[in-house]
Amino acid sequence: MPSTQTREITAAARLQNVRYAIRDLACYADEVAKQGHKILPLNIGDPINFDFQTPPHLIEAVYKAMRDGKNGDAPSPGIEEALDAIRGEAARKGISSAQDVFVTSGVSETVDLCLTALLNPGDDLLIPSPDYPLYSAVLAKMGLKLNTYDLNEDDGWQPELSDIKKKITPRTRGIVLINPNNPTGSVCTRPMLEAIAELARQHNLVIFADEIYDKLILDGDTCISIAAVAPDVPVVTFGGLSKNYLAPGWRIGWGILSGEASAVTQYNDGIQKLLRARLCANHPEQYAIKAALEGPQDHLIDVRKKLRNRRDLTVRWAKSTPRVSCVSPRGAFYAFPRIDIPEGDEVFVRELILQKHVMVVHGSGFGQKPGTKHFRSVFLPDEQTLTRAYAAIGELLQERYR
Ligand SMILES: Cc1ncc(COP(=O)(O)O)c(C=O)c1O
């Protein structure tokens, strides 16, 4: 008879470094909810939780696809009409050297797949600090060390070029640029993009340009794609339906691989291999890509207007609140206010949930310069909710650190 003694199955040691602070705070929220309190959620960047709706013509396209029987597996790189629409989008973004495009289950999968296709054990990849935590999680999953470069708060959270130069090692294979940025809301200037592209050229780096928020620019300018600025440099530009098109639950993202054909062919073969290994992205939802990229864009006017008002409210609050300062976000729907407090921002955020029932994410969950403290606020909620939440944050700062 086999022994019935149970032995604990341990998770891979690599996972010790996988953190996702945005969702890791949920246990405190559960505690508060069990006590019957309603949480004000300024922590998760899902527009559908608030007064934003997926454009109806996208829903119609997916519904039609399902009714038309598009419910089996799709081709691994994506359905042809979606790939065509993404090529068109690449052209509109000024990317003249696109070599290939492919559809994934959200940008989350694009990131996982493109990093996995590039990096060998011992390689490193430059990621911003603060960063969107998926990048460090994927690198940890692959057993790779983190190599972070600073975003400079004193320069509107632009990447700190001198730090990037310092951090490039003989094993550095690429650099991640999140533009517009999560968690800071900053948008890269053209000279900055040119300077980063030049470093990539000199050191033979692949640029991962996460532009998932590229249509959510709040101040009238447009998002410049680094792939457009540097057509000769290998770049994978990430985009998707989750943010610009308000459909995060559909899990649709894509990658645009650009650069000189001779330089990126082998890398593309690696990407295609991984695309085949995971069969395909969600099939009926891919029919929304053409509808999104080539159909009416009217919803964006309303989305940007709401976000602009909510951003302004956030910045006004930060300016008028003792111990708080904030670089005004120029894109996406995140602000990253700095807080001058004598304890860790993780403690502050935990107490904010438990005492005031407001959820934000601590700056240390994204990485930040030692000694500085921040929190990330998602300004998707309506003005009334934001006003209540910010008043509660102000109160806790006053009560705890008067
Ligand atoms: C910068 C950034 N990249 C990627 C993602 C993931 O996007 P998706 O929903 O397409 O997986 C997010 C989601 O919040 C994000 O903020």
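This structure is a prediction, so every number in the text was calculated from the model and none was measured.

Regarding the overall build of the protein
For the protein, the count of helices and strands is 14 helices and 15 strands. Whereas a compact globule of 402 residues would reach a radius of gyration of roughly 21 Å, the protein reaches 22 Å, a difference of no more than 12%. Here the protein, with 402 residues, has 56% of them falling under the buried criterion. In the protein, once contacts between residues fewer than 6 apart in sequence are set aside, the share between residues at least 24 apart is 77%.

Some details on the site of the ligand
The environment of the ligand is formed by 13 residues, the closest being V107, S108, D210, Y213 and R251. In this structure, R251 approaches the ligand through a side-chain N or O atom, which is 2.6 Å from an oxygen atom. Top element by residues in the shell around the ligand is helix α5 (residues 106–118). It accounts for three residues. Of the residues contributing to the shell around the ligand, the split by class is six nonpolar, four polar and three charged.

Overview of the packing of aromatic side chains
Scanning all chains against the criterion turns up nine aromatic pairs. On the basis of an interplanar angle of 15° and a centroid distance of 4.7 Å, the ring pair of W317 and Y390 is categorised as stacked. Of this pair, W317 sits in helix α12 (residues 299–320) while Y390 sits in helix α14 (residues 383–401), and the two are 73 residues apart along the sequence. Looking at Y390, the relative accessible area reads 1%, which means it is buried. In textbook terms, an aromatic cluster arises when at least three aromatic residues are bridged by ring pairs, as seen for W157, F336 and F366. Over the face of the ring belonging to Y63 we find R67, whose NZ or CZ atom lies 4.4 Å from the ring centre. Sitting over the face of the ring of F52, K306 holds its NZ or CZ atom 5.0 Å from the ring centroid.

Some remarks on the pairing of strand β8 (residues 235–240)
It is a general feature of regular strands that their side chains alternate between the two faces of the sheet. Of all six residues making up β8, six are buried, and the element is well covered by its neighbours. As paired strands, strand β7 (residues 206–210) and β8 are joined by four bridges and run parallel to one another. Bridging from a neighbouring strand, A209 pairs with T237 of β8. Bridge analysis of β8 against strand β9 (residues 253–258) gives six bridges, and the strand direction is antiparallel. Bridged to G240 within β9 is G253.

Describing α12
With 22 residues, α12 extends 32 Å from end C-alpha to end C-alpha; this agrees with the ideal 32 Å at 1.5 Å per step. Restricting attention to buried positions, one finds in α12 the residues H299, L300, V303, K306, L307, R310, R311, L313, T314, V315, W317 and A318. Tucked into the core, α12 has its buried residues touching β10 (324–325), β11 (334–335), β15 (375–378) and α14.

Let's talk about the sheet that holds β11
If you walk across this open sheet you meet the three strands as β11-β15-β14, and the pairing is antiparallel. Both outer strands of the open sheet, β11 and β14 (361–362), are each paired with one neighbouring strand and no more. Strand direction decides the pairing type here: β11 and β15, joined by two bridges, are antiparallel. The partner of A335 across the bridge, within β15, is S377.

Overview of the packing of α12 against α14
Think of two packed helices as two axes; the pair is described by the angle between the axes and how far apart they sit. Running from N to C, α12 and α14 point in directions that differ by 20°, and their axes come no closer than 10 Å. Of the possible angle classes, the one that applies to α12 and α14 is roughly parallel. Where α12 crosses over α14, the handedness of that crossing is right-handed. Contact with α12, carried on its side by N309, R310, L313, T314 and W317, involves E383, L386, T387, Y390, A391, I393 and G394 of α14 and no other residues of that element. Grouping the constituent residues of the contact of α12 with α14 by class yields six nonpolar, four polar and two charged.

Definitions and limits used
Here, residues in each chain are numbered from 1, in the same order as that chain's written sequence. With the structure being a predicted model, the display of local features is reserved for residues of pLDDT at least 70 and the display and counting of side-chain atom pairs for 80 or more, all residues being used for whole-chain, interface and lining totals. Hydrogens and water are ignored here; the side-chain numbers use all heavy atoms of the structure. In DSSP terms, a helix is any run of H or I states spanning at least four residues, a strand is any run of E spanning at least two, and both are numbered starting from the N terminus. Here the radius of gyration uses the C-alpha set of atoms, whereas the globule reference equals 2.2 Å times the residue count to the power 0.38. Summary of the burial criterion: residues with accessible area below 20% of their type's maximum are buried, those above 50% are exposed, and those between are partly exposed, where the area comes from a 1.4 Å probe applied to protein chains only. We call two residues contacting when some pair of their heavy atoms lies within 4.5 Å. A cutoff of 4 Å decides nearness: a residue is near a molecule or strand if any of its heavy atoms lies inside that distance of it. For this analysis, a polar contact is any N or O atom pair within 3.5 Å, provided that within protein one partner can donate a hydrogen and the other can accept it, and provided that sequence-adjacent residues contribute only side-chain to side-chain pairs. Throughout, the ten residues Ala, Val, Leu, Ile, Met, Phe, Trp, Tyr, Cys and Pro are labelled nonpolar, Asp, Glu, Lys and Arg are labelled charged, and all others, Gly among them, are labelled polar. Planes of paired rings set the category: under 30 degrees apart is stacked, over 60 is edge-to-face and the rest tilted, where pairs are Phe, Tyr or Trp rings (Trp by its six-membered ring) whose centres lie within 6.5 Å. Whether a charge lies above a ring is judged from NZ of Lys or CZ of Arg, which has to be within 6 Å of the ring centre and within 35 degrees of the ring normal. Between any two strands, at least two bridges found by DSSP are needed for them to pair. Here, expected helix span is obtained from the residue count minus one, scaled by 1.5 Å. A fitted line through C-alpha atoms serves as each axis, taken over the contacting stretch for helices, and the angle formed by two N-to-C directions is quoted from 0 to 180°. Put simply, angles under 35 degrees are roughly parallel, angles over 145 are roughly antiparallel, angles from 65 to 115 are roughly perpendicular, and the rest are oblique. Left-handed describes a crossing whose near helix is turned anticlockwise from the far helix through less than a right angle; right-handed describes the clockwise counterpart.

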